[in-house]
Amino acid sequence: MLRMLTAGESHGPKLTVILEGMPAGLPISTNILNQGLARRQHGCGAGPRMSIEKDEIKIISGVLQGKTTGSPIALEIQNQDFINWQGKSLVPITIPRPGHADLTGAAKYGYKDLRLPMERSSARETAARVAAAGICRIFLRLLGIQVGGYVIQIGQIRWDNTTILLSNEFKAAIEERLQASEQSEVRCPDKAVSIAMQQAIQAAQEAGDSLGGIIEVLACNVPPGLGSFVHFDRRLDSQLAAGLMSIPAIKGIAIGNAFGNAAKFGSEINDPIVLKDGHLIRTSNHAGGIEGGISNGEPIVVQVAMKPIPTFPKGLPSVDLANGQPAQSPFYRGDCCPVARAVPVIEAMMVFVLTNALLEKLGGDSIAEILPRFQVLHKMQLDDFSMDTQPWTFDVF
Ligand code: EPS
């Protein structure tokens with residue numbers, strides 16, 4: 001239903017993104033989109049590039065009179081750093097960084113300079129995704145759906161949170177957590193843990209190394225019934241996994257408490273169904289809001305693991321591809337720990353996947369068509385289920 005296509009090099013003139021499939025009539029505010037972009041630029045562990053860039057969106061098409069028209073939406077973000085690279089004589093790079101796309105990119109595309117894979121594989125591209133997802137986020141907000149994330153681990157420092165309690169019963173706790181994380185330099189809701197994380201980043205920086213971490217991202221007020229079990233690529237969890245794993249340096253994903261659940265009994269981790277005031281509710285959310293590939297109405301909770309990035313002063317043993325000699329991998333300026341800055345990017349991919357799933361469910365060319373359909377979606381009320389009582393048989397055709 002919804003497609004996103006980005007283009008642009010890290011040090012080229014600009015990034016471009018086209019979002020296709022957004023219904024007509026959605027009011028768009030450039031200010032809101034730019035606020036979303038600014039969030040991606042801040043966070044402890046960011047590199048010097050972020051003091052050069054000030055990401056701002058230019059809407060090229062698909063929005064007229066302040067609203068989407070239903071046509072492809074094209075957005076642009078200038079790379080302020082481009083003037084520092086334009087016309088510059090560049091010495092080819094021939095020593096690949098272990099863990100980066102330098103070596104695999106050259107093997108795949110036959111590049112003779114490792115600068116080429118670096119340009120497009122750079123996480124600079126994620127600014128374009130956040131821009132397009134900003135439009136999807138306006139759509140979700142209109143439906144009352146909130147997406148937010150925070151950091152629960154950086155290096156060895158972990159915030160022992162209570163993910164399993166994040167069912168609809170704990171909405172206030174979720175809100176508090178999301179607000180607190182925005183006050184933290186590392187986007188961790190806990191003040192003391194945030195300080196320990198900042199210290200860990202500083203220590204890694206001093207040691208000439210990099211650090212990764214884990215981010216938890218939530219979506220609240222998602223209606224039941226998004227996604228499907230009927231085919232592998234229609235499962236909401238498989239779509240989220242694909243979207244989130246497409247972010248550079250993201251190497252692991254857990255829906256709900258997946259890895260913890262694997263070590264327990266079924267009776268401990270499947271979330272009991274209880275009837276309260278006519279509603280079918282859960283008192284825990286180990287499943288992370290998805291059962292059978294379909295949203296169940298509880299908050300969607302996903303944990304995402306980011307590896308420590310491969311650009312750090314200390315370097316690692318590598319080989320100079322120009323002469324076959326052993327060589328230490330080079331260092332270029334970069335983020336020592338991009339985990340805090342990755343939170344808005346992870347949110348962006350979740351926002352994109354959920355918007356797509358909603359459009360699949362609701363159809364519609366315009367917001368005016370979609371809103372009444374959204375109002376009548378299933379809400380996990382007992383009355384919404386009308387069950388058969390008569391036995392039946394499989395027919396032979
Ligand atoms: C990146 C390297 C750094 C980061 C960049 C991702 O860029 P540069 O090589 O220009 O210093 O700052 O991220 C961004 C530019 C951004 O906007 O997030 C890399 O190698 O992936």
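Every value quoted in this text rests on a predicted model; they were computed, and no experiment measured them.

## Considerations on the pairing of strand S9 (residues 213-220)
- Burial analysis of S9 places eight of its eight residues in the buried class, which makes it a mostly covered element.
- Burial along S9 is two-sided: Gly 213, Ile 215, Val 217 and Ala 219 and Ile 214, Glu 216, Leu 218 and Cys 220, pointing in opposite directions, are all buried.
- Bridge analysis of strand S7 (residues 146-154) against S9 gives eight bridges, and the strand direction is antiparallel. Paired with Val 147 across the strands is Ala 219, a residue of S9.
- With seven bridges connecting them, S9 and strand S15 (residues 300-306) associate as antiparallel partners. Along S15, the bridge assignment pairs Ile 215 with Val 304.

## Digging into the packing of helix H1 (residues 30-41) against helix H11 (residues 339-362)
- Closest axis-to-axis distance for the H1/H11 pair is 6 Å, and the angle between their directions is 140 degrees. One element, H1, and the other, H11, form an angle in the oblique class. On the side of H1, the interface is formed by Arg 39, Arg 40 and Gln 41, while H11 contributes Arg 341, Val 343, Pro 344, Val 345 and Glu 347.
- Taken together, the residues of the contact of H1 with H11 sort by class into three nonpolar, one polar and four charged.

## Some words on the pairing of strand S12 (residues 279-282)
- Relative to S12, strand S11 (residues 273-276) runs antiparallel, the two sharing four bridges. When the bridges of S12 are listed, Val 274 appears paired with Ile 281.
- The antiparallel pairing of S11 with S12 creates a hairpin that spans two residues between the two strands, and Asp 277 there sits at a positive phi of about 50 degrees.

## A look at helix H7 (residues 191-206)
- Between the first and last C-alpha of H7 there are 23 Å, a value that for 16 residues agrees with the 22 Å anticipated at 1.5 Å per step.
- For H7, the complete set of buried residues consists of Val 193, Ser 194, Met 197, Ile 201 and Ala 204. With its buried residues spanning 105 degrees around the axis, H7 presents them on a single face. For H7, the exposed residues set more than 90 degrees away from the buried face come down to Lys 191, Ala 192, Gln 199 and Glu 206.
- Among the structural elements, S7 and strand S8 (157-158) are those in contact with the buried residues of H7.
- Downstream of H7 by one or two residues, Gly 208 has phi in the positive range, about 70 degrees.

## Some details on the environment of Ile 290
- Looking at the secondary structure, you find Ile 290 in strand S13 (residues 290-291).
- On the accessibility criterion, Ile 290 (7% relative accessible area) is buried.
- Sequence separation between Ile 290 and Glu 347 is 57 residues; the distance between their C-alpha atoms is 17 Å.

## A short note on the site of the ligand
- Neighbouring residues of the ligand: His 11, Arg 40, Arg 49, Met 50, His 100, Ser 122, Ala 123, Arg 124, Arg 333, Asp 335 and Arg 341.
- Side-chain polar atom of His 11 to an oxygen atom of the ligand: 2.6 Å apart, as the coordinates give it.
- In the environment of the ligand, an oxygen atom lies 2.6 Å from a nitrogen or oxygen atom belonging to the side chain of Arg 40.
- In the complex, the protein chains occlude 87% of the 470 Å² of accessible area that the ligand would expose alone.
- Of the pockets mapped on this structure, the ligand occupies the largest pocket.
- Taken together, the residues of the shell around the ligand sort by class into two nonpolar, three polar and six charged.

Rules behind the numbers
Residues numbered from 1 in each chain as written. Predicted model: local features only at pLDDT ≥ 70, side-chain atom pairs only at ≥ 80, totals over all residues. Heavy atoms only, no water. Buried < 20%, exposed > 50% of the residue type's maximum accessible area, 1.4 Å probe, protein only. Helix = DSSP H or I, 4+ residues; strand = E, 2+ residues; numbered from the N terminus. Pairing = 2+ DSSP bridges. Axes fitted to C-alpha atoms, helices over the stretch in contact; angles between N-to-C directions. Parallel < 35°, antiparallel > 145°, perpendicular 65-115°, else oblique. Contact = heavy atoms within 4.5 Å. Nonpolar A, V, L, I, M, F, W, Y, C, P; charged D, E, K, R; others polar. Expected span 1.5 Å × (residues − 1). Arc of directions from axis to C-beta. Near = heavy atom within 4 Å. Polar contact = N/O pair within 3.5 Å; in protein donor to acceptor, adjacent residues only side chain to side chain. Areas by Shrake-Rupley, 256 points an atom, 1.4 Å probe, with all protein chains shown as cover. 1 Å grid on protein atoms, 1.4 Å probe; cavity = no way out; pocket = protein on both sides within 12 Å on 5 of 7 lines; lining within 4 Å. Sits in = over half its atoms within 2 Å of the grid points.

In short, shape yes, function no, at least from these values alone.
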